[in-house]
Amino acid sequence: MKNVTITLDEETARWARIEAAHRDMSVSRLIGELLHEHMRAQASYETAMRRYLTRASTVLKDTGGYPGREELHDRAGLR
């Protein structure tokens, strides 16, 4: 474990003390767990985004193209 010193404004420090007390842990442990949770969430997001961006394109329609504006808005029969 690595010790670090952080500076918090009074409102944040008060919240941290109360939250740590609710969880029956020290403020140091609470901050460590919150940072670790944030780090895991960010890594998970980046992995999912990388996996999504490397996927092959999906064909939306097998008939050789996309529908035209008239077909989409059903305007062809109004003329």
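Our structure is the block above this text.
Cut-offs applied
- Residues numbered from 1 in each chain as written.
- Predicted model: local features only at pLDDT ≥ 70, side-chain atom pairs only at ≥ 80, totals over all residues.
- Heavy atoms only, no water.
- 1 Å grid on protein atoms, 1.4 Å probe; cavity = no way out; pocket = protein on both sides within 12 Å on 5 of 7 lines; lining within 4 Å.
- Points joined across faces, edges and corners; volume = space filled by probe spheres on them.
- Nonpolar A, V, L, I, M, F, W, Y, C, P; charged D, E, K, R; others polar.
- Helix = DSSP H or I, 4+ residues; strand = E, 2+ residues; numbered from the N terminus.
- Expected span 1.5 Å × (residues − 1).
- Buried < 20%, exposed > 50% of the residue type's maximum accessible area, 1.4 Å probe, protein only.
- Arc of directions from axis to C-beta.
- Contact = heavy atoms within 4.5 Å.
- Polar contact = N/O pair within 3.5 Å; in protein donor to acceptor, adjacent residues only side chain to side chain.

K.L.:
Explain the layout of surface pockets to me, please; I cannot follow it from the model alone.
P.N.:
Which parts of space are left empty comes out when a probe the size of a water molecule is rolled across the atoms. Considering only enclosed or pocket space, the largest pocket measures out at about 470 Å³ in volume. Lining the largest pocket are 15 residues, with Lys2, Val4, Ser28, Arg29 and Gly32 sitting closest to its centre. Residue composition of the lining of the largest pocket, grouped by class: seven nonpolar, five polar and three charged.

K.L.:
Mind showing me how you'd approach helix α1 (residues 10–22) here?
P.N.:
For an α-helix, 3.6 residues make a turn, and residues three or four places apart therefore share a direction. With 13 residues, α1 extends 18 Å from end C-alpha to end C-alpha; this agrees with the ideal 18 Å at 1.5 Å per step. Among the residues of α1, Ala13, Ala16, Glu19 and Ala20 are the ones counted as buried. Taken around the axis of α1, the buried residues stretch over an arc of 130 degrees, which confines them to a single face. Summarising the geometry of α1, the exposed residues directed more than 90 degrees from the buried face are Glu10, Glu11, Arg14, Ala21 and His22. Packed against the buried residues of α1 are α2 (27–53). Sitting at the amino-terminal end of α1 is Asp9, which places a side-chain oxygen 3.1 Å from the backbone nitrogen of Glu11. Asp24 sits one or two residues past α1 and shows a positive phi near 55 degrees.

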